[in-house]
Amino acid sequence: MPMRPSETHLRVMRLVEAQPDISQRQIARQLGLSVGRANYCLQALIVKGWLKMENFHRSENKARYAYLLTPAGMAAKTRLTAHFLKRKLLEYEELKSEISELKSELSSMPDNCG
């Protein structure tokens, strides 16, 4: 099941917060995205003002960047986390109910396998 854009943004922000020097390729690999999709997501977060990009001053590879959450990004990450948690808890409760119904249905069926 593909991730929703807000879920992708949250997961990218969590990775960036944990590893500011993470590469787009590493983000893509860890989230199961294409490198192009990871780049698109990072650019969207930068445009929103939730991330900023800085060159590594001491790096030999001047194309290397650090991605940093901005204060607005931290606030957005908090909101997205709360929304994601609420949605996942609802899904969990629905699954628990469905599992309970299936167990009940199964226990009321005659045993035709033996």
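This text gives an overview of the structure that appears in the document.

Parameters at a glance
Residues numbered from 1 in each chain as written. Predicted model: local features only at pLDDT ≥ 70, side-chain atom pairs only at ≥ 80, totals over all residues. Heavy atoms only, no water. Core = buried A, V, L, I, M, F, W, Y, C linked by side-chain atoms within 4.5 Å. Buried < 20%, exposed > 50% of the residue type's maximum accessible area, 1.4 Å probe, protein only. Helix = DSSP H or I, 4+ residues; strand = E, 2+ residues; numbered from the N terminus. Salt bridge = Lys/Arg side-chain N within 4 Å of Asp/Glu carboxyl O.

Overview of the nonpolar core
Right, on to step 1. In this structure, V12, V16, I27, L42 and L45 are the most contacted members of the largest nonpolar core, which totals 21 residues.
Right, on to step 2. Looking at this core, the elements that each hand over two or more residues are helix 1 (5-18), helix 2 (24-31), helix 3 (35-47), strand 2 (65-69) and helix 4 (71-108).
Right, on to step 3. Per-element tally for this core: the top contributor is helix 1, with five residues.

Here's the deal with the pattern of salt bridges
Right, on to step 1. Applying the stated criterion to the full structure yields seven salt bridges.
Right, on to step 2. Taking the shortest distance from any N to any O, the salt bridge between R11 and E7 comes out at 2.8 Å. In this pair, R11 and E7 are both assigned in helix 1, four residues apart and thus about one turn of the helix distant.
Right, on to step 3. We classify E7 as buried; its relative accessible area is 9%.
Right, on to step 4. Between K52 and E54 there is a salt bridge, with the nearest N and O atoms lying 3.7 Å from each other.
Right, on to step 5. With relative accessibility at 35%, the residue E54 sits in the partly exposed group.
Right, on to step 6. In the salt-bridge network here, residues are joined through shared partners; they are E7, R11, R87, K88 and E91.

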